[in-house]
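# Understanding the architecture of this molecule
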Amino acid sequence: MGILVLPTTRRDLALAETTFFCALPLLALAGLVALLLSTELPLQGAAAWVPGLGVQWAWRIDGLSALMLLMITGVGSAVFCYAGGYLAGHPQQRRLYVLLLVFTLAMIGCVVADDLVLLFVFWELTSLTSFMLVGFNHADPRSRQSAQQALLVTGTGGLALLAGMLVLAQAMGTSSISEIVARLPATEPTPALTAALVLILVGCFTKSAQFPFHFWLPNAMSAPTPVSAFLHSATMVKLGVFLLARLDPGFGHWPLWSGALVGVGSLTAAWGMLLALRERDLKRILAWSTVATLGTLVMLIGLEGDSAAVAVGALLLAHALYKAPLFFVAGNIDHGAGTRIIDRLGGLRHAMPWTAAAALLAGLSMAGLPASFGFVVKDVMAQAKSAGGAEALVLFARAANTVFGAVAVAVAGVAAIRVFWRHPGVNDSAAAHECGPSLLVPPLALAGLGIALGLFPFLAESLVAAAGGAMTPDASRLLVSLTPALAPTLASLGFTLLVGGAIFWWWDALHEGFDRMASALDRFSARTLYERSLAALPRMAARATRALQHGRLPGYATVLLGSCTAALLAALAPGWATGLGPWPAPDRSSTGVAGACALIVAGAIGCLLTHDRLKMLLAAGLVGYGSALLFLFTGAPDLAFTQFAVETVFVIVVACVLLALKRQGRALSLAEPRWRPGHAVLALVFAGVVTSLLLLVMAQPLDLGVSHWFAERSLPEAQGRNVVNVILVDFRAIDTFGEIAVVLLSLLAALPLLQALRRPAAGTAREVRP
Amino acid sequence: MNPQALMLQVAARPLYVLILLASLWVLLRGHNEPGGGFIAALLATSGSVLWAAAHGPQAAARRLPWRSPLALGVAGALIAGLSGLPAWAFGLPYLTHLWGSLELGFTQIKLSTVLVFDLGVYLCVWGALAGYALALIGLDDAGPEDRSAHDTAATQETLR
């Protein structure tokens, strides 16, 4: 009746919040559909970002982006609704929603960006948010470890990707993705482009969990179920596939490209599926099948031909429509029966009929049975592989796909049939119960959509054709018919079903056998390598720190002077060939200069003769004062003043520290032998090198251009007669600003260290006093 | 209290004022004669070190503007950074310095953002270096109350 009902209780408030968050992706989905129906693709636009570097906020929505956008917002809507039920009453539900929202926005940014730099920024944002999402249950150490692993693997890949993108942008002279892709086929392969290609491949392979970086994805299953369904079925892990598909028109004709993609993709597809056999956790089984599907997608991108491009689009869509519901089903089982371990689940169809229905619908599509969208995809993929490419590659791809298809049937059987129809009575708890509607509607809707598209494939035709068209720009309009040719597909399907059914039937026996075989290989796996290097890093860091940061000042000074000497020697060696300058005669005999030099020499000799550090400090101070005097008599009064002040403050402060050490009863000086030939040699060599450096400089004509430039402009342009000061505060003011900020920041860093030194001293002082 | 420290403490007050005045003079003349923010800050730091030698580092910190080396340094950096902003109002790049003069009838005072910038450098470097120096000098000094307790004990010892 027009009455606005304001939420009053805490529960109403939570409900309102959930509704608000769920409405966001739904609205985006509705807006996107309206946009796609009303306009012609591609849409694009740009705004200036860093014009000096040619970097733009450029965006472009073509068929591939549209497909990804529909998946992100569509599956996103389901995930947001599901999360509302899955984490109802969780104290940190809002944090999950905010993270999911940021992640969704980053994904949207990734798929519409038309600039390499912009794409990379969003790419990294998805890595960061997925780190926080995988580690959502941060109180659980395993969860933290998985999040760290996902971040390290995808982050390292991200660095490779950044390097590759920069090289690519340099080589092509632009960072616009569409322009690069359009110009690449006409560009000659250069070593720089090859390097860029390899680096980008590494970045995409880590993101999409391709062999040998595949191990992080199943471990990321410690994330809450809505996160897994979103990140690891429809969105983040597809980013690598997306970028490969984006660049495919540009690099597609390179043998390296198709070789790497088909090789790695096929290997991942087969091996990932086999690894699913090792698992007992339903969610991890699904994760491995996701890895395998990503491998198949990568392999399809590597194959040549228009039909392969269509297959990529169709498989992307189909996988999102069956894998997300299956993840939801796994979450529901966890929620309703208290475990996801398949040995302790069985006969759940009585307790959870609606979840069983969703699992069955999604399982149909995953197994590729007729009347599901998975069947349509199988048909399109068969066409893609008959289309062409190098013979050996296609054969390898076909073999891998056979393994993939058969185990996929078995995995679908485990997720949809085993836990719901077979092994009754093995459940841990008899109290297995069905979940609420918010946990049932999302999987049923997505899985139902998969079946609807299987029955009426023409509904998806234009979308898949647009996505395929974006990957094959030559064909202006792809003729896509998703209506499957029944006979050959049914024949190959029959074989796949037979093998898959056998695997499903003997799953437990195969599990044991394969697990034993694979554990023998574990020692050589990429995961072991990752764990070893992760453990070795801190050990190496500790060793390096112990070797370099020993806390002995003479040691530091030796390293510092020694490396300076070595670097100077290396730099000066070519100069000695041309000869040193003549020993300079003093311009005029000045008693002041002579006195200053005498002071320096006296201080240096004093340093050598005494063994007491306090006296040594005073003698070193004499050297400093001598230098200041020298500056004063050679016409640099600013420098002289500074030197005087620095020397004074330095000597007083260091003397205070030395006296403080003495008062605390610590050794004023570590026992050093009086005769140290190594140090003597180092000192003499260093002095010799510096002297010869000066003589070399004297031999060159001195270029006073810069000095004259500043001297001439100081008064008219900056109204100051003191050139040194004018340079500091006017000509190079921003440098000075940076320097004083650095000085201040170094103090910020040093204060806690100094205070840490001071605390134990205060403690001992208190103990000594009665 | 030992008599030498007393001498130092008595001498420190006029010397401190004198050093600070000298540092200000060096700062102000810096644009045309030898001097400037950095040198002036070093001079001022030596003043703070003198006060620390006479009265302890905590007391020296309290005598600084804003009563803390860190606050002084931050204020200096802020002043130096802000001095570049007016340039924007005239459509010039950041830190382009502006000059103006103030007519006082009998004389004319030149004003500029350069001086503000140099003042910022002076305060920031003074704060940072004094922060280092005072922290190092105070390494075995637990706090003001400890120092005074120590002094009283020392005084009683000398009296005895």
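Right above here is the structure, for reference.
Please read these numbers as outputs of a predicted model, since none were measured by experiment.

### Side note on the overall build of chain B
Within chain B, the secondary structure is distributed over seven helices and two strands. When its helices and strands are written in sequence order, chain B yields α-α-α-α-α-β-β-α-α. Looking at chain B as a whole, 44% of its 160 residues qualify as buried. A fraction of 61% describes how many contacts in chain B between residues 6 or more apart in sequence connect residues 24 or more apart. On chain B, roughly 7,900 Å² of surface is accessible, and the fraction owed to carbon and sulfur atoms is 69%.

### Focus: the pattern of salt bridges
Residues and elements named next belong to chain A. Evaluation of the coordinates by the stated rule reveals 15 salt bridges over all chains. Its salt-bridge partner being Asp140, residue Arg142 comes within 4.0 Å of it at the nearest N-O pair. On the accessibility criterion, Arg142 (57% relative accessible area) is exposed. A salt bridge links Glu179 to Arg183, with the nearest nitrogen and oxygen atoms 3.1 Å apart. Of this pair, Glu179 and Arg183 are both found in helix H6 (residues 177–183), four residues apart, which corresponds to roughly one turn of the helix. We classify Arg183 as partly exposed; its relative accessible area is 35%.

### Observations regarding the packing of aromatic side chains
All names here are of chain A. Tallied over the entire structure, the rule returns 18 aromatic pairs over all chains. A centroid spacing of 5.2 Å and a plane angle of 85° characterise the contact between Trp709 and Phe710, whose relative ring orientation is edge-to-face. Judged by its relative accessible area of 15%, Phe710 is buried. Where Phe710 meets Phe731, the ring centres are 5.2 Å apart and the plane angle is 45°; that geometry is what we call tilted.

### What to know about helix H4 (residues 116–134) of chain A
Residue and element names in this part refer to chain A. Between its first and last C-alpha, H4 extends 26 Å over 19 residues, near the 27 Å set by a 1.5 Å rise per residue. Residues of H4 that are buried include every one of Leu116, Leu118, Leu119, Phe120, Phe122, Trp123, Thr126, Ser127, Thr129, Ser130, Leu133 and Val134, and no others. Measuring from the side-chain oxygen of the N-cap residue of H4 to the backbone nitrogen of Val117 gives 3.0 Å; that N-cap residue is Asp115.

### Some thoughts on the packing of helix H12 (residues 282–302) of chain A against helix H13 (residues 306–337) of chain A
All names here are of chain A. It is at 10 Å that the axes of H12 and H13 come closest, and there the two elements cross at 175°. When the interaxial angle is binned, H12 and H13 end up roughly antiparallel. Packed against H12, whose contacting residues are Leu282, Lys283, Leu286, Ala287, Ser289, Thr290, Thr293, Thr296, Leu297, Leu300 and Ile301, the element H13 presents Ala308, Ala311, Val312, Leu315, Leu316, His319, Tyr322, Lys323, Leu326, Phe327, Ala330 and Ile333 at the interface. Tallied by class, the residues present in the contact of H12 with H13 amount to 16 nonpolar, five polar and two charged.

### A few points about helix H2 (residues 37–55) of chain B
A turn of α-helix holds 3.6 residues, and therefore any two residues three or four places apart point the same way. Residues and elements named next belong to chain B. Between its terminal C-alpha atoms H2 stretches 26 Å, which fits the 27 Å expected from 19 residues at 1.5 Å a residue. Across the 19 residues of H2, 15 count as buried, placing the element largely inside the fold. Where H2 ends, the next residue or the one after it, Gly56, has phi of about 100°, a positive value.

### Observations regarding unusual backbone geometry
With an omega dihedral of 0°, the bond running from A:Phe211 to A:Pro212 counts as a cis peptide bond. Here A:Pro212 lies in the loop between helix H7 (191–207) and helix H8 (216–219). Phi at B:Leu95 takes a positive value of approximately 70°, unusual for a residue other than glycine. Considering the arrangement of structural elements, one finds B:Leu95 in the loop between helix H5 (86–89) and strand S1 (99–103). Judged by its relative accessible area of 5%, B:Leu95 falls in the buried class.

### Here we look at a nonpolar patch on the surface
Residues and elements named next belong to chain A. Side chains of Val98, Val102, Leu125, Leu128, Phe131 and Met132 sit close together on the surface and give an oily, nonpolar patch of about 440 Å² of accessible area. Of all the secondary-structure elements, those providing two or more residues to the nonpolar patch are helix H3 (93–112) and H4. Structurally, Phe131 can be placed in helix H4. The exposure class of Phe131 is partly exposed, given its relative accessible area of 30%.

Conventions adopted
Residues numbered from 1 in each chain as written. Chains lettered and ligands numbered in written order. Predicted model: local features only at pLDDT ≥ 70, side-chain atom pairs only at ≥ 80, totals over all residues. Heavy atoms only, no water. Helix = DSSP H or I, 4+ residues; strand = E, 2+ residues; numbered from the N terminus. Buried < 20%, exposed > 50% of the residue type's maximum accessible area, 1.4 Å probe, protein only. Contact = heavy atoms within 4.5 Å. Areas by Shrake-Rupley, 256 points an atom, 1.4 Å probe, with all protein chains shown as cover. Salt bridge = Lys/Arg side-chain N within 4 Å of Asp/Glu carboxyl O. Phe/Tyr/Trp six-rings, centres within 6.5 Å; stacked < 30°, edge-to-face > 60°. Expected span 1.5 Å × (residues − 1). Polar contact = N/O pair within 3.5 Å; in protein donor to acceptor, adjacent residues only side chain to side chain. Axes fitted to C-alpha atoms, helices over the stretch in contact; angles between N-to-C directions. Parallel < 35°, antiparallel > 145°, perpendicular 65-115°, else oblique. Nonpolar A, V, L, I, M, F, W, Y, C, P; charged D, E, K, R; others polar. Patch = residues over 30% accessible without salt bridge, like charges linked within 9 Å, V, L, I, M, F, W, Y side chains within 5 Å.

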